[in-house]
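Given next are the chains, with one letter for each unit.
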Amino acid sequence: MTNELDLVYKPINIHAQEAKGQNIYTMTEYMEMEEQDFRARKTLSDKASEKLDNPFWLLWGLGIVSIATLAVVFSIRFREERKRFDPNLQTVKILDNEDGPQIGGPFSLVDTKGKTVTNEDLKGKWLYIYFGFVNCPDICPEEMRKMSKVTRALDKKVGKDYWQPVFITVDPKRDTKEKLAEYLSDFSPRILGLTGTFEQTDAAARNYRVYYAIPDEPGMTDKDYLIDHSIVMYLMDPNGKFVDYTTKEFSWNESFTKVLRRMMDYERERAKKGEANVNTRVATVGSAVESDDPEEIERREKERQNTLRHDTVPADLRRIR
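Just so it is clear, the model here is predicted, and its values are computed rather than measured.

**Regarding the overall build of the chain**
Stage number 1. Within the chain, the regular secondary structure consists of twelve helices and nine strands.
Stage number 2. When burial is assessed residue by residue, the chain has 33% of its 321 residues classed as buried.
Stage number 3. Relative to all contacts within the chain whose residues are 6 or more apart in sequence, the contacts with residues 24 or more apart total 68%.
Stage number 4. Summed over its atoms, the accessible surface of the chain is roughly 21,200 Å², and 54% of this surface lies on carbon and sulfur atoms.

**Re the sheet that holds strand 1 (residues 108-111)**
Stage number 1. Strand order across the open sheet formed by seven strands is 2-1-5-4-3-8-9, with mixed pairing between neighbours. The sheet is open, and its two edges are formed by strand 2 (116-118) and strand 9 (242-247), each paired on a single side. Mean inter-strand twist for the sheet, computed between neighbouring axes without regard to direction, equals 35 degrees.
Stage number 2. In the sheet, strand 1 pairs with strand 5 (residues 192-195) via two bridges, with the strands oriented antiparallel. Paired with Asp111 across the two strands is Leu194, which belongs to strand 5.
Stage number 3. On top of the sheet, helix 7 (residues 177-184) reaches strand 1, strand 4 (163-169) and strand 5; it is set at about 155 degrees to strand 5, its chief contact.

What counts as what
Residues numbered from 1 in each chain as written. Predicted model: local features only at pLDDT ≥ 70, side-chain atom pairs only at ≥ 80, totals over all residues. Heavy atoms only, no water. Helix = DSSP H or I, 4+ residues; strand = E, 2+ residues; numbered from the N terminus. Buried < 20%, exposed > 50% of the residue type's maximum accessible area, 1.4 Å probe, protein only. Contact = heavy atoms within 4.5 Å. Areas by Shrake-Rupley, 256 points an atom, 1.4 Å probe, with all protein chains shown as cover. Pairing = 2+ DSSP bridges. Axes fitted to C-alpha atoms, helices over the stretch in contact; angles between N-to-C directions.

Purely geometric numbers; function is a separate question.
Laid out in structure tokens, this is it:
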């Protein structure tokens, strides 16, 4: 039976809820329930925001950003420094400009026969120039073998009078004309070797933007030092203008193809302009790709010559032999 005092002190809605068996909460309990419900409804972004408000995470974030920034800065600086010494990383941005990049220029050197050779003497021919030194243990011989293959393949396509492969020493103190002649005889008689005084070869290297460093250490003799230098072959057109280059990353066939393509384009452009004395042989060359290795071509040619000699010998004498 309902207590009359309850009717006095309790609102009618409370009595109704008690009659239905529902829970009755105090104000403090209700506020705690609301707080729990609010926390449960918090989003992931709210929780992340709370984490970020923590100074510990802010310090970690600043540290990571600082390290990443320093890594980028040092990477850029390191690459820029390497560009100063490694032409392979340098992009010739003004290659197709009318005036061309400032690579090349006058030189006066001495060939392996003691004759003075200047850049003016070689005008009218394409030049394929490499700077190196005789005592180079591995890179220079490898590049010279590559140049020899390019020479044989290119001579076959455009003729010997159309262009000239050139080797210029950066070590004139040791690379005399006699030593240079002996060195180049192991590769190709077509390669023009040039030496001179230090001032002459240094001027040529500077004009072609060649990096090289001769060590100067106490007790060093003429026989025990190596020279760090650029590994680039420069292609100059008949007017002495820099056109293109190849590096040690190029195979001989890739170098040959690139050089021949430049020559073909040059003659075809002259033909379009109606210039005189266009080399039609180069302009109309069938393909810029040489599918066979020059050494293989030479080997097959020797076999063919041996076969011809064999066929011209009478049968009786062949049996005797």
